[in-house]
Amino acid sequence: MATLQAYVDQRVLLILQDGRSIVGTLAGFDQRANVVLSDSKERIYSIDEGVEEVPLGLYLVKGDMIVLIGELDAALDGAVDLSTVRAEPIPPIRY
C-alpha cells in the first residue's frame with residue numbers, strides 16, 4: 001500500500017482484468033487497493049482506427065479488477081498523437 005501513496009495526485013494508467021485501459025489522476029485508494037481516479041478516460045485500442053478516448057470523469061475501480069497500475073509521464077503522454085496509434089485490444093483474463 002505504501003507504494004500507491006507515491007502515485008496520489010499523479011497521472012496513472014490502469015489495466016483491468018477485462019482488458020480495459022483507463023488513464024486518470026489517482027485521487028485515493030483504500031486497504032483493498034480500490035482506486036479512485038479523477039479526470040479519467042478509457043482508452044480503446046483498435047487495429048483499424050486510432051485510439052478512442054471515452055471520458056469517464058470521477059471513477060471508482062475495485063481493487064480485484066486491477067492487473068497493473070503505472071505512473072504516466074505527462075509530457076511524454078501528451079506528445080503522443082493517439083489518432084495515429086494502432087494496436088490490438090488487450091484480451092480479458094479468463095480463469
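None of the values given here were measured: they were computed from a predicted structure. (Residues numbered from 1 in each chain as written. Predicted model: local features only at pLDDT ≥ 70, side-chain atom pairs only at ≥ 80, totals over all residues. Heavy atoms only, no water.)

### Here we look at the confidence of the model for the protein
Alright, step 1. The pLDDT averaged across the protein works out to 92; a share of 98% of its residues lies at or above 70.
Alright, step 2. Confidence scores differ between elements of the protein, with helix H1 (residues 2-5) showing the lowest mean pLDDT of 79 and strand E3 (residues 35-44) the highest of 97. (pLDDT = per-residue confidence, 0-100. Helix = DSSP H or I, 4+ residues; strand = E, 2+ residues; numbered from the N terminus.)

### Some details on the environment of Ile66
Alright, step 1. Inspection of the secondary structure puts Ile66 in strand E5 (residues 66-71).
Alright, step 2. You can call Ile66 buried: its relative accessible area is 16%.
Alright, step 3. For the pair Ile66 and Ser38, spaced 28 residues apart in the sequence, the C-alpha separation amounts to 16 Å.
Alright, step 4. With sequence-adjacent residues up to four places away left out, Ile66 is seen in contact with Leu14, Ile15, Leu16, Ala33, Val35 and Val61. (Buried < 20%, exposed > 50% of the residue type's maximum accessible area, 1.4 Å probe, protein only. Contact = heavy atoms within 4.5 Å.)

### Things to note about the pattern of salt bridges
Alright, step 1. Under the counting rule described, the total for this entry stands at five salt bridges.
Alright, step 2. We note a salt bridge from Arg43 to Glu53, for which the minimum N-O separation is 2.8 Å. With Arg43 in strand E3 and Glu53 in strand E4 (residues 52-61), this pair connects stretches of sequence that are ten residues apart.
Alright, step 3. Since its relative accessible area comes to 9%, Arg43 is described here as buried.
Alright, step 4. The partly exposed category is assigned to Glu53, whose relative accessible area is 33%.
Alright, step 5. A salt bridge links Lys62 to Asp64; the shortest N-O distance between them is 4.0 Å.
Alright, step 6. For Lys62, a relative accessible area of 52% gives the class exposed.
Alright, step 7. Residue Asp64 is classed as partly exposed on the basis of its relative accessible area of 48%. (Salt bridge = Lys/Arg side-chain N within 4 Å of Asp/Glu carboxyl O.)

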